[in-house]
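# Observations on the model geometry
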Amino acid sequence: MSKGATLLAIATSFSFFLFSSVPKSTYHSLYISNSLSSNASISNHLYTLTRQPHIAGSKANAEAAAYVLSVFTSANIQSHIVSYQVSLSYPISRSLTLKLPPPELPINFKLRQEIYEGDPYADQAKDVVPTFHAYAKSGTVTGPVAYVNYGRVEDFETLKQMGINVSGSIVLAKYGEIFRGDIVSNAYREGAIGALVYTDRKDYGGGGGGARWFPEDKWLPPSGVQVGTLYKEIGDPTTPGWASGEECERLSIDEVEKRGDFPLIPSLPISGDDGETIMRSIGGQLANDDWQGSEDAPLYRVGPGPGIVNLSYTGKHVIEKIQNVIGVIEGAEEPDRFVILGNHRDAWTFGAVDPNSGTAALLEVAQRLGKLQQKGWRPRRTIILCNWDAEEYGLIGSAEWVEENREMLASKAVAYLNVDSAVCGPTFYASATPQLDELLKQATQQVQDPDNSSQTVYQSWLSSSNLELGRLGGGESDFAAFLQHIGVPAATMSFHNGYPVYHSMYDDFIWMQKFGDPTFQRHVAVASVWGLVALWLADEEVLPFNYLSYAEELEKYTKELKNEISDYKEISLTPLFKSIEELKKTASKVNNQKEALQENKGWRSIRKKDDLKLRELNDRLMMAERAFTDRDGLLGRTWYKHLVYGPSKYNEYGSKSFPGIDDALEMAKKLNTAESRKLLQHEIWRVSRAVKQASQVLDGVLT
């Protein structure tokens, strides 16, 4: 062959290599196509996962882990199980008796969720753990009953204004507004000796009257009980801040109680029927109109008494093995950058909505990614699929993994994408850190609405809530360890529209099939949006983060804060406004840098001229979120490091912007002292310094 012919052959081969490779966008379109998705497969996954109750630490949950592992492996995803030895609690005995004034006889409550006629899971119901609060205080207490509405701080304040003292009483509270652990803690703080928490018909039973309940309708049956944890922190209670192994440092239960992490009075969750029976025994002043029940409910009074309750609970704390299932698709070009998807597997009962609708969606994502690999796709960055254990007890599986891998994740994690209860209705909902907002909206523009084929998820989302995005300040799911502890950008998403059988025995496959997602197309849509966002984060050369959205969100929070502190003339928000303005300027500058790099990306594969510049820019985009954390954490809650997003001190589920400032403001309102106002100003300075650090990291220039 002549020299010219050789050169021509080389040029032709190089040209073929350059121009015939399949663009990543083609694989992304294929991922959300009907040819790769399967509602039948998702339905089968959910049916398999929910055939029996699978509480954390149980044999059934270990079998569910093995199933997840088998699906990951069959999708050609390198997978393994990571185990931890953690402290869990289970009930030994429970009793509840209502003593009425003579001549009425005492009422002994069954504390049992009833099987309905034709229930296909009747045989498995015996394996459902008896209704209880995880980590509840063991003990027996007797006292008059006082009704405290939702058990919020403001509810107890209302009672004080009415002249009602709940000290020495057993409180009766409704589920629905705040975390159950905070209900019990608030009651203890007010001097109560025990707590009963029930599901009111007005909130969970369809409003009473002629409302029907499951299996005829979606509503919680009268005997239904919402179980759940009372633990207010994150991770294994006996290993705060470090991972739990077979041989590790561990606190005693007494030490955990002294830290204030467990409630100090006995409590039980009870049904709407039992709650209403107890409510009829309460006399005294009439409760406010907004505290009343449904139209056909008895009048609610606040007591205390004359009804007297004897509440007895005995639980056990045991060290049990939990199992996280981890699947890894290694990146071809940046294997040391991680895009992480997570969902938990353990359930209080059957868990068809919470959490296994999300588990079924995760398995669908895994199978689609496996099919893409068969067609030649490899992600630019590593994708990690995580199926967590013991989330229900306190986000334990995810927290232990994050604590064990803290430094690796802090330096290499691009984002964490969470799906917990993926589907319980038709309305799309998402929450995220603000730099991911546009990415989520763009993904929903590509995915067909599962209930209306003539529009996209984006269009239905626009009509239902005007594209409103929530934020991730609450501690209610597995994003907490990633965002609030180490500062990894995060998002979570679902289709929902009320979920009255939450954490009850009736959250089963039949409920999902009849009311949550009869065609399982909503599951398909969740998997499409979830996976598409992950693909963009894994494959785009320039990370698709927009910190201008973040700066604008911070500015909105600060303006709201300005109104809240208007009575404190000596408090200044100037340093915070100034830091946010710097972040806005830097974010605009970085957006321009991104555009400049993207304009050149067509030739980068030949010249590799801008690779270092690209890597450096992506590192800045990835690490800026970390700068919103502070090593000292929130005052009195040091595990929470993020100064912009964290849970409310008095409501673990309550999402708070500037949680440290919010805590200090509440203290200043309560104490009204110079010292408390000084602390408020200090917290404002802390946040302003964090925002300034984020701006500097994003800019990438030393002072």
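The following refers to the structure shown. (Residues numbered from 1 in each chain as written. Predicted model: local features only at pLDDT ≥ 70, side-chain atom pairs only at ≥ 80, totals over all residues. Heavy atoms only, no water.)

### Thoughts on the overall build of the chain
Across its full length, the chain carries 23 helices and 16 strands. Relative to the compact-globule value of 27 Å for 703 residues, the chain shows a C-alpha radius of gyration of 27 Å, a close match. Principal-axis analysis of the C-alpha atoms gives the chain an extent of 115 × 65 × 55 Å. Residues counted as buried form 58% of the 703 residues belonging to the chain. Residue pairs in contact within the chain that sit at least 24 positions apart in sequence constitute 81% of those at least 6 positions apart. (Helix = DSSP H or I, 4+ residues; strand = E, 2+ residues; numbered from the N terminus. Rg over C-alpha atoms; globule rule 2.2 N^0.38 Å. Buried < 20%, exposed > 50% of the residue type's maximum accessible area, 1.4 Å probe, protein only. Contact = heavy atoms within 4.5 Å.)

### Observations concerning helix α21 (residues 611–623)
A rise of 1.5 Å per residue sets the reference length of α21, with its 13 residues, at 18 Å; its end C-alpha atoms lie 18 Å apart and thus fit the reference within 8%. Among the residues of α21, L614, L617, N618, R620, L621 and M622 are the ones counted as buried. (Expected span 1.5 Å × (residues − 1).)

### Observations concerning the environment of M623
For M623, the location among the structural elements is in helix α21. In this structure M623 comes out as partly exposed when scored by relative accessible area, which is 27%. Sequence-wise, M623 and G487 are 136 residues apart; in three dimensions their C-alpha atoms are separated by 8.4 Å.

### Section: the packing of helix α12 (residues 396–404) against helix α16 (residues 479–486)
Viewed as axis vectors pointing N to C, α12 and α16 meet at an angle of 40°, and their least axial separation amounts to 8 Å. Judged by the angle between their axes, α12 and α16 are oblique. Crossing handedness for the pair α12 and α16: right-handed. Of the residues in α16, those in contact with S398, A399, W401, V402 and E403 of α12 are A481, F482, H485 and I486. Across the contact of α12 with α16, the residue classes break down as six nonpolar, two polar and one charged. (Axes fitted to C-alpha atoms, helices over the stretch in contact; angles between N-to-C directions. Parallel < 35°, antiparallel > 145°, perpendicular 65-115°, else oblique. Left-handed = near helix turned anticlockwise from the far one by under 90°. Nonpolar A, V, L, I, M, F, W, Y, C, P; charged D, E, K, R; others polar.)

### Focus on unusual backbone geometry
Of note, the bond from G303 into P304 is cis; its omega dihedral lies within 30 degrees of zero at -5°. By secondary structure assignment, the location of P304 is in the loop between α9 (272–280) and β9 (308–329). Here the amide bond leading from G305 into P306 is cis, since omega sits at 5°, within 30 degrees of zero. Mapped onto the elements of the fold, P306 is located in the loop between α9 and β9. Here the phi dihedral of L395 falls at roughly 55°; this positive angle occurs in a residue that is not glycine. The buried category is assigned to L395, whose relative accessible area is 4%.

### Considerations on the packing of aromatic side chains
For any pair of aromatic rings, the description rests on two quantities: the centre-to-centre distance and the angle between the ring planes. Under the counting rule described, the total for this entry stands at 31 aromatic pairs. For the ring pair F428 and W461, a centre distance of 5.0 Å and an interplane angle of 75° mean the geometry is edge-to-face. Highlighted residues: F428 in strand β13 (residues 427–432) and W461 in helix α15 (residues 457–465), separated in sequence by 33 residues. With relative accessibility at 2%, the residue F428 sits in the buried group. (Phe/Tyr/Trp six-rings, centres within 6.5 Å; stacked < 30°, edge-to-face > 60°.)

### Side note on the pairing of strand β12 (residues 413–418)
When you tally the buried positions in β12, you get six out of six residues, the bulk of the element. Bridge analysis of strand β10 (residues 334–344) against β12 gives five bridges, and the strand direction is parallel. Of the residues in β12, the one forming a bridge with V339 is A415. Note that β12 and strand β14 (residues 490–496) share three bridges and pair parallel. Along β14, the bridge assignment pairs L417 with A491. (Pairing = 2+ DSSP bridges.)

### Describing the side chain of D508
Among the secondary structure elements, D508 is positioned in the loop between β14 and α17 (509–516). For the buried D508, no salt bridge exists, and the shortest N-O distance to an oppositely charged side chain is 9.2 Å, to K514. Within the structure, the side chain of D508 is placed 3.0 Å from the backbone nitrogen of W511, a separation counted as a polar contact. Once you skip the residues sitting within four places of it in the chain, D508 turns out to touch Y116, D119, Y121, F214, F350 and A352. (Lys, Arg positive; Asp, Glu negative; His and termini not counted. Salt bridge = Lys/Arg side-chain N within 4 Å of Asp/Glu carboxyl O. Polar contact = N/O pair within 3.5 Å; in protein donor to acceptor, adjacent residues only side chain to side chain.)

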